[in-house]
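So the chains spell out like this:
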Amino acid sequence: MTNFTINGRDVTVDVEADTPLLWVVRDELRLTGSKFGCGVAQCGACTMMVDGMPRRTCITPVGSVDGASIETIEGLEGREAEAVAAAWQGLDVPQCGWCQSGQIISATALLREVPKPTDDDIDAAMAGNVCRCATYVRIRQAIHDAADSMEG
Amino acid sequence: MTIQSRRQFLATGAGLVIGLALPIKGRAQSGAAAVLSKDGSAAGTFAPNAFVRVAPDNTVTVMIKHIEFGQGPFTGLATLVAEEMDASWAQMRAESAPANDELYKNLFFGLQATGGSTAMANSYIQMRQAGAAARAMMVAAAAEAWDVPATEISVADGVVTHAQSGQSASFGDLAEAAARQTVPVEPALKNPSEFKLIGTDRPKLDTAAKSDGTAIFTMDVHREGMQTVVVKHPDVVGAAVASFDASAALEVKGVVAVRQIPQGVAVYATSTGAALKGRSLLTVSWDTSMAETRSSDQIYEDFSQAATREGGVVVEETGDSGAAIDAAEIVHEAEFRFPYLAHAPMEPLDAVLELKDGKAEMWMGAQFPGVDKGAVARVLGLDGADVALNVMLAGGSFGRRAQTTAQIGSEIAEIAKAAGSDGAWKLVWTREDDLTGGYYRPLTVHRMRAGLDADGNIVGWENTVANQSIMLDTFFDDGKSEGTDPTSYEGSTKMPYDLPALRVNWVRMESPLSVLWWRSVGHTHTAYATEVFLDELLEKAGKDPVQGRLDLLKSEAGRDRAVLEKVAEIAGWDGERVKGDRAYGLALHESFSTYVAQIVEVSDAGGYPRVHKVWVAVDCGVAVNPNVIRAQVEGAVGYGLGTALFNELTLLEGGVVAQKNFDTYRMLRIHEMPEIEVAIINSVADPTGIGEPGTPPIAPAVANAWRALTGQAVRRLPFKSAGA
C-alpha cells in the first residue's frame, strides 16, 4: 500500500512498489493527462510535480512517493499555472499535444522558481522536455509571455 | 472554442458507424450524436451533409475526415465550413469523423486517408460546399418562417437577418427548420475577395484540450475489464518467434496470460506496469531467416555499388548528359548517403479493441482507418460492417500511422484472436518497439555527376538514386507506374532549373526491412542531394547561391522565383556567405506543390553546426490560416534539423537495430531550436500542402552554410556521422 496526495486528494494504491508512478496515475487513478513517451526519463512527457519539483514519473517507483504531494496537469493551480495556461492558449503552442502536459508542468515549475527567466534559464529548465513537433519557438515565447503577464 | 470532450462520448460504448443508432445519453446536441443517429437529425440537430452539424445550442460541429495529429485539419477544415456558412468562429467545433471510406474519402486517393500534405488541398472545395449548402438551407428556412424572399436575407457572424422586417435568428434557432429544406446540389461559393475568415489568423480549436490534459488520445481510452497488452517484438526487424519461455513473466502480479502471435509474444495484464514488467522477464529466441541481417554498412555498400550511371531505370532524361559531361571543362562527382530513420512520434503506436457478441469497436490514430478496420475484420473473421473504428487524436505521426499493411490494426486483432473470447484490449508500444519496429524512411544512396563549361555553366547533370520502394506492391500500386515508384526519387526529377542535359535513374533495391513515407517522403533525401550538389557547382563556378539559382530557374518557374527572391529579401542576403563566425546557406525546394526557400545562419558549435536563425519564404496557395502555416513551418524545420544533425538507425552485424530509445536516437531540444522567421507569399491559388514542405530545405541549407564556414562538404547524414 502506498499513500500520497494527488491534486489535493488523498489516495491509497495497492500496487507493487516498483511500479512507475506514471502507470499508477494513468491506469489506477485514471488521470491520463500525463503521457508516456520513452520510459527512460529522456523526453519529459510524463512530468508531474512531486513535492513541488518536476519529476520524470516513468522511472519513479510509486513506493518512493509514499507521503508525497503530487500535482498533475489536471490539478495544476496557482498564479504561474494560470499565466502559463493563458500564454499557451494565446500562442496556440500545441501541435499534436502529446508532450504538452509535461512542457506545461516544467514551465510552471520554472516560473515558480524564477519569475522572470532569461533564455538561458528556459533552456536549462526545458531541455529535458522533448517536443517532436518542435513547438519550441512558441514554448519559449509563451514562457516569456507568461512571465510578462505576471509582472503586469 | 474547444474540441468536444470525448470522455462522455466514449462512455456510450456503441459503434461509431454512420447510420448506426445508439443511445444518445444526453448528447443529443452534439455533432457526434447526430452523425451516429439513424436519420442524422436527432433532437433538432441540423445535418445537411456528412460534415456539418448545427445543434439547437447554436454550435456548429464539423466532422473532420482527416486525422488531427498537430498539422491542423480540425481548425483548417472548420474554417472552410465557417467561411461559407458565415458562421462566427466562436460557435465552431471539430470532431474526428469515424472510419468510413465512402463518406470520408480523401478526394485525391479514393479512400479515407491522411497523407501527402493533402488535407487542405483535397478538402478546399468540398468543405466550402458543405458550408455553403448549410448556409443556403438556413436562409431557406428563415425565408419560409418569416415569409420573405430568400434574396433579402443576409447572414453574418452566425446570425441570419432580414433587415427590412427587422427579424433575425441564430443558426441554432433555425436548425430544426433548416433540416426540412432541400439540400442544394451545387451551392454557390464565395469569391476569394469576399473571404472573412480564410486568410486571417484564428485560434486553433484543439489548443485548449491539449493544454489542460483533457484531450483524449488512443492510449487514454479505458474500457470496462480492459487488459493492457505489450508485445515482445524482435530486435531484428522481420524475425519470427522460434521459441519462448513465459514462466517468469507469468509470476508477475497482474500478468494474466502470455500468448504467441505472428508479431511476437504478447503479454496480457491488468495494468501497463504489470505488462511491461512481465515482458521484461520473457525469454524469446528468434528465427531470423526471413529478416534483414546485413549491417547498415553492408547495405550502404550494396546500394552504392548498384547506383551506377546505367543502373535501374531512367526516370527523366533531357539531351545527352553523358556526352555533355564528358566534354565539360570541369567534371564534379559526389555520392550522398542517407540513413534509415524512424518517425518517432511522441505517442508510440497503440490501439484499443473491444470485441463483444460478434462486433468489434476500435480506437486508434490511423491515417488509413479503413485499412486498419478491414484488417481487423479479416483477422477476426467478421463482416466489415461489424467493425467500427474511432479515429483518435494522435500524438504525432509524420507518416508512421499511414499503414498500407495495417501493422497496428493487424496486431491488435491478433491479440484479440489469440485471447479467443470477447473482451477489451489496449495495445501499447514502447519507444523501443517504435525505434526497432521497421517501417523506416528508406536508406538511400544518390550518385551524382555534373559538368561545367569554361564559363561555369552547368552543361550536364546526372543523378542515380538507389533505395527500396515504399509504394510498389501496396494498394497504391495501380500498375500504371511501370515498375517505378516516384516516392523513391520525387524531387530529383522535375527540378525547377533549366539544365541543358539531364538524366535521372532509379534503382530499386530489395530488403526484407520495411520502409515507409516519412515527413516529406522522397524529398527528405532528394532535396539534400540536389540542393547541396547544385550549391557545390555554383561555388566551383564562382557564382552567388541566390543569383546563380535565379539565373538557372526556368522562365515559367514563377513560384520558385518568388520564394527565392522573398527569402533573400527577408534575410538581407548580400552575397557574403561568411561573416565573422557565422555563415549563411540557402536551399530551394518544391514538394507537394508548395514552394519553399530557406536561408540559415550557422556557427561551429565544437565540430557540428549550431543553427541560430532560419528565414523561410513559402507559397502554399491561399493561406487559409497563416497562424497554422507558420506553426507547421516552424515544426517542419525543427523536425528536419534535428534529424539532419543527429539521427540514424544503424543495423549492426546480424541486423540488430542499434538505437532503441531517445538516449541514442537523439531528439532536437529547445536550446538547439533556431529562431524562425516565416514569410508567406500572398496567393489566390488553391491551397496546397503545409505539413511536410517545410522539412526538405533545412538540411541542405545547413550543409551549404557549413561548407561555407568550414570547407567541409557533408555527403552523409546525419552531420554527427559525417564527422561534422
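All values reported here derive from a predicted model rather than from experimental measurement.

Our focus in this paragraph is the overall build of chain A. Of regular secondary structure, chain A possesses five helices and five strands. Put simply, chain A runs from its N terminus to its C terminus through helices and strands in the order β-β-α-β-β-β-α-α-α-α. Relative to its length of 152 residues, chain A is compact, with a C-alpha radius of gyration of 15 Å against a globular reference of 15 Å. If you line up chain A on its principal axes, its C-alpha atoms span 45 × 30 × 25 Å.

When helices and strands are tallied, chain B shows 18 helices and 25 strands. The C-alpha atoms of chain B give a radius of gyration of 27 Å, which matches the 27 Å a tight globule of 724 residues would have. When its C-alpha atoms are laid out on the principal axes, chain B stretches across 80 × 75 × 45 Å. The buried share of chain B, reckoned over its 724 residues, is 58%. Counted over contacts in chain B with a minimum sequence separation of 6, partners at least 24 positions apart contribute 77%.

Turning to the interface of chain A and chain B, a few remarks are in order. With 46 residues of chain A at the interface, the matching set in chain B holds 46 residues. Secondary-structure elements contributing two or more residues to the side of chain A that touches chain B are α1 (21-28), α2 (79-91), α3 (100-113), α4 (119-126) and α5 (136-151) of chain A.

Our focus in this paragraph is the pairing of strand β4 (residues 153-156) of chain B. Within a regular strand, the side chains alternate between the two sheet faces. Residues and elements named next belong to chain B. As defined by bridge partners, β4 adjoins strand β5 (residues 159-162) across four bridges and the pair is classed as antiparallel. Across the sheet, residue Ile-153 finds its bridge partner in β5, namely His-162. With antiparallel pairing between neighbouring strands as the criterion, β4 and β5 make up a hairpin whose turn holds two residues, including Asp-157 at a positive phi of roughly 50°.

This part is about helix α17 (residues 626-646) of chain B. Along its 21 residues, α17 of chain B runs 30 Å from first to last C-alpha, staying within 8% of the 30 Å computed at 1.5 Å per residue. Taking burial as the measure, the 21 residues of α17 of chain B include 18 buried ones, the bulk of the element.

Residue and element names in this part refer to chain A. Taken in spatial order, the five strands of this open sheet run β2-β1-β5-β3-β4, and their pairing is mixed. Edge positions in the sheet fall to β2 (9-13) and β4 (53-56), since each of these pairs with one other strand and no more. Adjacent strand axes in the sheet meet at a mean angle of 40°, parallel and antiparallel pairs treated alike. Where strand β1 (residues 2-6) meets β2, five bridges bridge the pair, whose relative direction is antiparallel. Its bridge partner lying in β2, Thr-2 is registered against Val-13. Sitting on the sheet, α3 is in contact with β3 (47-50) and β4, with an inclination near 40° to β3.

On to the domain arrangement of chain A. Residue and element names in this part refer to chain A. Domain parsing of chain A yields domain 1 (2-75) and domain 2 (79-151). The centre of domain 1, based on its C-alpha atoms, is set 21 Å off from the matching centre of domain 2. Across the contact, 14 residues belong to domain 1 and eleven residues belong to domain 2. Secondary-structure elements contributing two or more residues to the side of domain 1 that touches domain 2 are β3 and β4. No other element matches β3, which puts three residues into the side of domain 1 that touches domain 2. Counted by class, the side of domain 1 that touches domain 2 contains eight nonpolar, five polar and one charged residues.

Residues and elements named next belong to chain B. Segmentation of chain B into domains returns domain 1 (7-194), domain 2 (218-289 + 349-428) and domain 3 (296-341 + 439-710). Contacts between the two partners involve 13 residues from domain 1 and, on the opposite side, 16 residues from domain 3. Secondary-structure elements contributing two or more residues to the side of domain 1 that touches domain 3 are α3 (73-85) and α4 (119-146). Classifying every residue of the side of domain 1 that touches domain 3 by side-chain character gives four nonpolar, nine polar and no charged.

Rules and cut-offs
Residues numbered from 1 in each chain as written. Chains lettered and ligands numbered in written order. Predicted model: local features only at pLDDT ≥ 70, side-chain atom pairs only at ≥ 80, totals over all residues. Helix = DSSP H or I, 4+ residues; strand = E, 2+ residues; numbered from the N terminus. Rg over C-alpha atoms; globule rule 2.2 N^0.38 Å. Buried ≥ 20, exposed ≤ 12 C-beta atoms within 10 Å, placed from the backbone. Contact = placed C-beta atoms within 7 Å. Pairing = 2+ DSSP bridges. Expected span 1.5 Å × (residues − 1). Axes fitted to C-alpha atoms, helices over the stretch in contact; angles between N-to-C directions. Domains from an automatic or database assignment. Nonpolar A, V, L, I, M, F, W, Y, C, P; charged D, E, K, R; others polar.

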